[in-house]
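Chains, contacts and geometry: an overview
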Amino acid sequence: MAPLTANRPRLTLALFPGQGAEEPRMGLALAAAFPPAAALLALAGELAGVEPLSLLARGGPALGRTEVLQPLLVAVALGAFRAAAAAGLRPGLVAGHSLGELAAWSASGAIDDEAAVRLAARRGKLMAAEATRAPGAMAVFADEAALAAALAAGRPHGQLGLAAQNAPDEWVVSGAEAAVAAALRAVPGRRLRVAGAWHSPAMSPAVEPFREAARAVRRAPAGAALLSGVTGALVEEEGRVPDLLAEALLAPIQFTRLLSEALRRGVTDVVVLGPPKVVRGLVRRSLGPLPVHVVCDPGDAGRVAEVLAA
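These notes cover the structure that comes with them. Since the structure is predicted, the reported quantities are computational estimates derived from the model, not experimental observations.

1. As for the overall build of the chain
Scanning the chain from N- to C-terminus turns up 13 helices and ten strands. Over its C-alpha atoms the chain spans a radius of gyration of 19 Å, differing by no more than 12% from the 19 Å that the globule rule assigns to 310 residues. Within the chain, the proportion of its 310 residues that are buried is 56%. Within the chain, residue pairs in contact and separated by at least 24 positions form 74% of the contacts whose partners lie at least 6 positions apart. A distance of 2 Å separates the average location of the 30 positive side-chain charges in the chain from that of its 27 negative side-chain charges.

2. A short note on the layout of surface pockets
The calculated volume of the largest pocket comes to roughly 980 Å³. If you trace the largest pocket, you find 37 residues lining it, with Gln19, Gly20, Ala21, Glu22 and Arg193 closest to the centre. Breaking the lining of the largest pocket down by element, the ones donating at least two residues are helix H4 (66-86), helix H6 (113-133), strand E4 (160-167), strand E5 (170-175) and helix H12 (277-287). Here the element with the most residues in the lining of the largest pocket is H12; it accounts for five residues. Classifying every residue of the lining of the largest pocket by side-chain character gives 17 nonpolar, twelve polar and eight charged.

3. As for the sheet that holds strand E1 (residues 12-16)
Pairing between the strands of a sheet comes from backbone hydrogen bonds, and it takes one of two forms, parallel or antiparallel. With parallel pairing, the five strands of this open sheet are ordered in space as E7-E2-E1-E9-E10. Across the chains shown, the open sheet's two edge strands, defined by having one partner strand only, are strand E7 (225-226) and strand E10 (292-295). Relative to E10, strand E9 (residues 269-273) is paired through four bridges, and the arrangement is parallel. Residue pairing across strands places valine 272 opposite valine 294, the latter belonging to E10. Together, E1, strand E2 (93-96) and E7 form the strand contacts of helix H5 (residues 100-107), whose direction differs from that of E2 by roughly 160 degrees. Across the sheet, helix H13 (residues 300-309) touches E1, E9 and E10, and the angle it forms with E10 is around 150 degrees.

4. A few points about the side chain of threonine 12
One can find threonine 12 in strand E1. Looking at threonine 12, the relative accessible area reads 8%, which means it is buried. If near-sequence neighbours (up to four positions away) are discounted, threonine 12 is found in contact with Leu89, Pro91, Gly92, Leu93, Asp269, Val271 and Leu308.

5. Quick look at the pattern of salt bridges
Pairing of side chains with opposite charge becomes possible as their charged atoms draw close. Under the criterion given, the structure shown has 16 salt bridges. Linking arginine 65 and glutamate 67 is a salt bridge whose minimum nitrogen-to-oxygen distance equals 3.1 Å. Judged by relative accessible area, glutamate 67 falls into the partly exposed class, the value being 21%. Among the ionic pairs, glutamate 261 bridges to arginine 265, the shortest N-O distance being 2.7 Å. Assessed through its relative accessible area of 13%, glutamate 261 is described here as buried. By sharing partners, the salt bridges in this structure join Glu208, Arg211, Arg215 and Asp243 into a single network.

6. A short note on the nonpolar core
Within soluble globular proteins, side chains that are nonpolar generally end up buried alongside one another. The biggest cluster of nonpolar side chains holds 104 residues, and the ones touching the most others in it are Leu13, Phe16, Val74, Val270 and Leu273. Beyond its immediate stretch of four places on either side in the chain, valine 74 contacts Leu99, Leu102, Ala103, Ala116, Val117 and Ala120. In terms of nonpolar packing, the next biggest core, distinct from the first, is built from 14 residues, Ala137, Leu160, Trp171 and Ala183 among them.

7. Regarding the pairing of E2
Judged by which residues are buried, E2 turns out to be covered on both faces: Leu93 and Ala95 on one side and Val94 and Gly96 on the other are all buried. Bridge count between E1 and E2: four bridges; the pairing is parallel. Of the residues in E2, the one forming a bridge with leucine 13 is leucine 93. By the bridge criterion, two bridges tie E2 to E7 in an arrangement that is parallel. Each residue of the ladder has a partner; that of leucine 93, found in E7, is alanine 225.

8. Here we look at unusual backbone geometry
Notably, arginine 25 is not glycine yet its phi reads approximately 65 degrees, a positive angle. Looking at the secondary structure, you find arginine 25 in the loop between E1 and helix H1 (28-33). Owing to a relative accessible area of 52%, arginine 25 belongs among the exposed residues under this scheme. At serine 98, a position not held by glycine, the phi torsion is positive, near 60 degrees.

Rules used in this analysis
- Residues numbered from 1 in each chain as written.
- Predicted model: local features only at pLDDT ≥ 70, side-chain atom pairs only at ≥ 80, totals over all residues.
- Heavy atoms only, no water.
- Helix = DSSP H or I, 4+ residues; strand = E, 2+ residues; numbered from the N terminus.
- Rg over C-alpha atoms; globule rule 2.2 N^0.38 Å.
- Buried < 20%, exposed > 50% of the residue type's maximum accessible area, 1.4 Å probe, protein only.
- Contact = heavy atoms within 4.5 Å.
- Lys, Arg positive; Asp, Glu negative; His and termini not counted.
- Charge placed at Lys NZ, Arg CZ, Asp CG, Glu CD.
- 1 Å grid on protein atoms, 1.4 Å probe; cavity = no way out; pocket = protein on both sides within 12 Å on 5 of 7 lines; lining within 4 Å.
- Points joined across faces, edges and corners; volume = space filled by probe spheres on them.
- Nonpolar A, V, L, I, M, F, W, Y, C, P; charged D, E, K, R; others polar.
- Pairing = 2+ DSSP bridges.
- Axes fitted to C-alpha atoms, helices over the stretch in contact; angles between N-to-C directions.
- Salt bridge = Lys/Arg side-chain N within 4 Å of Asp/Glu carboxyl O.
- Core = buried A, V, L, I, M, F, W, Y, C linked by side-chain atoms within 4.5 Å.

In structure tokens, the structure reads:
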């Protein structure tokens, strides 16, 4: 990897976390200091039917509900992004991990933040309904050989497929509970704490309603290029984004490929907007020493913008 030097122009990737990245009290300090972040949380709470500040402060089972968590997480991430943008952050590329692509789409300038939070609420409700209709599970395996063995062991017991490649040492499967259990009996792995079989055919009935909702959003020309988690490539036609977001409900997330493409295009810095623990670790495992900055608290935005402007 080429070192960052004064002769190499900086290209920043703004990266947004997905479901599973949530952390205790996420977004609360930023909402207290930055009114646009508070407004986004209030909208998310209204759509989810919860009081967001008290829920985030106390945590508990309600926060784990997909239909509640998805709009809250997108609101938190976009609040962090708006604080960073106010301090001067201007990413050349944007991307998200699964759900995080909704925040990335807004950060690109193509849709507004309110639309992204509303889409997240719609997505969460659709996915929660399908998880109730067709319960499932997910698990993580360490390499491609383990993945192949897990799929071979699990598929005789029900639907099972690849849900994501998150890092060189993290392959995720998704499907029927019996199939995931059989895979874990045969191959060392780790069960994920999830409410359903995300990124699998179990979500099929949610695809068209979500596609319709995404297509209905008013759009503007994007100011930053979006990397797709479904293809792992740059989205060349902005009109394709609603279809890709809908396909992501079923398709494996190619996060490792996405990060490799960002590096190929010359990214020098990654800024994680929102709870950082999960995606920051994935970036480091995929891209090694590339600088990873985080904006999730009030003081972060100015510090990161200052570093990137240096």
